[in-house]
Amino acid sequence: MGNGKFGKFIIFGALAGAVISLFDRSTREQVTRKSKKLLSDVSHYRKNPDELKQMVMEKKDKIQMVYNQLSGDANYLKTQVEELKTLTPQVKELVVDTKEAFVEAKDEYKSIVQDETGPTDQSVKK
């Protein structure tokens, strides 16, 4: 059916890209340096497996600490979001009540001011 051709062409394309990139001298030198370093490291860790084990354990511990920190932060954020969800209707109600109180107070102030100045203003106008 052609299912195998797709994978073959991807591998062929990757190999062709690698070969073409090696035409550049600096790329070849960099690949050579990195390959020698890799072989040296493999040889070193083959002779000193405890060192490799220790390094892997340190990396694992660091990753575990980061995971724990992120997990704690995520739980904290989740708690804050839940709290905000419950507070939002209460805050909205408080804002509406406060607005209504100010509107009522404004109306009362207007009526007080009009009662005090209203009749004198109208008598002056007549």
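Residues numbered from 1 in each chain as written. Predicted model: local features only at pLDDT ≥ 70, side-chain atom pairs only at ≥ 80, totals over all residues. Heavy atoms only, no water.

Student: Where do I start with the overall build of the protein chain in this structure?
Tutor: Within the protein chain, the secondary structure is distributed over three helices and zero strands. Its helices and strands in sequence order give the protein chain the pattern α-α-α, from N to C terminus. Classification of the 126 residues of the protein chain by burial places 1% in the buried group. Counting every atom, the protein chain has about 12000 Å² of accessible surface; 63% of that belongs to carbon and sulfur. (Helix = DSSP H or I, 4+ residues; strand = E, 2+ residues; numbered from the N terminus. Buried < 20%, exposed > 50% of the residue type's maximum accessible area, 1.4 Å probe, protein only. Areas by Shrake-Rupley, 256 points an atom, 1.4 Å probe, with all protein chains shown as cover.)

Student: What am I meant to see in a negative patch on the surface here?
Tutor: On the surface, Glu93, Asp97, Glu100, Glu104, Asp107 and Glu108 cluster together into a patch of negative charge. Within the secondary structure, Glu93 sits in helix H3 (residues 49–125). (Patch = residues over 30% accessible without salt bridge, like charges linked within 9 Å, V, L, I, M, F, W, Y side chains within 5 Å. Salt bridge = Lys/Arg side-chain N within 4 Å of Asp/Glu carboxyl O. Lys, Arg positive; Asp, Glu negative; His and termini not counted. Charge placed at Lys NZ, Arg CZ, Asp CG, Glu CD.)

Student: It is not clear to me how the pattern of salt bridges should be interpreted in this structure. Could you clarify?
Tutor: It is possible for side chains of opposite charge to pair when their charged atoms get near one another. Under the definition given, this model contains four salt bridges. For Asp61, the salt bridge identified is with Lys60, shortest N-O distance 3.7 Å. Of the residues examined, Asp61 reaches a relative accessible area of 38% and is grouped as partly exposed.

Student: Explain the confidence of the model for the protein chain to me, please; I cannot follow it from the model alone.
Tutor: Detailed reading of predicted coordinates is not advised where the pLDDT is low. The share of residues in the protein chain with pLDDT of 70 or more is 90%, and the mean pLDDT across the chain is 86. Element-level mean pLDDT values for the protein chain span from 84 in H3 up to 94 in helix H2 (residues 25–47). Below pLDDT 50 for its whole length, residues 121–126 participates in zero contacts with residues either more than four positions away or in separate chains. (pLDDT = per-residue confidence, 0-100. Contact = heavy atoms within 4.5 Å.)

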